[in-house]
Amino acid sequence: MRTITHMARGLMFAALIGSPLLAVQNVRAGNENIIEGDYERSSGAGLVLMVSLKRSR
């Protein structure tokens, strides 16, 4: 009786772990990998601030 409960728990655990793996195989991604949007390049002030703060230590 105890063996059957251990087997049932093991099967449930295997199903819980295996279900995301099976779901990933069924996902179909599109061929488009271009992210469109209007953005401006940063001025680089964050990098300058970070370097100056590290030097002040």
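Just so it is clear, the model here is predicted, and its values are computed rather than measured. (Residues numbered from 1 in each chain as written. Predicted model: local features only at pLDDT ≥ 70, side-chain atom pairs only at ≥ 80, totals over all residues. Heavy atoms only, no water.)

This part covers the overall build of the protein chain. A count of helical and extended segments in the protein chain gives 2 helices and 0 strands. Here the protein chain holds 57 residues, and the buried ones make up 0% of them. Approximately 6,500 Å² of the protein chain is accessible, and the part contributed by carbon and sulfur atoms is 61%. (Helix = DSSP H or I, 4+ residues; strand = E, 2+ residues; numbered from the N terminus. Buried < 20%, exposed > 50% of the residue type's maximum accessible area, 1.4 Å probe, protein only. Areas by Shrake-Rupley, 256 points an atom, 1.4 Å probe, with all protein chains shown as cover.)

In the numbering used here, UniProt assigns the "signal peptide" (unreviewed entry) feature to residues 1-23. Between the C-alpha atoms that bound residues 1-23 there is a distance of 33 Å. The span itself is 96% helix and 0% strand. (UniProt positions renumbered as here; feature names shortened; annotations may be inferred.)

Take helix H1 (residues 2-25) next. Compared with the 34 Å implied by 1.5 Å per residue over 24 residues, the 35 Å span of H1 between its first and last C-alpha is a close match. Largest kink in H1: about 35°, centred on Gly18, with the proline Pro20 one to four residues after it. Among the 24 residues in H1, 0 count as buried, and that is only a small part of the element. (Expected span 1.5 Å × (residues − 1). Bend = angle between axes of the 7 residues up to and from the residue.)

There is a patch of nonpolar side chains on the surface, built from Phe13, Leu16 and Ile17 and spanning about 350 Å² of accessible area. Of note, Phe13 is situated in helix H1. We classify Phe13 as exposed; its relative accessible area is 54%. (Patch = residues over 30% accessible without salt bridge, like charges linked within 9 Å, V, L, I, M, F, W, Y side chains within 5 Å. Salt bridge = Lys/Arg side-chain N within 4 Å of Asp/Glu carboxyl O.)

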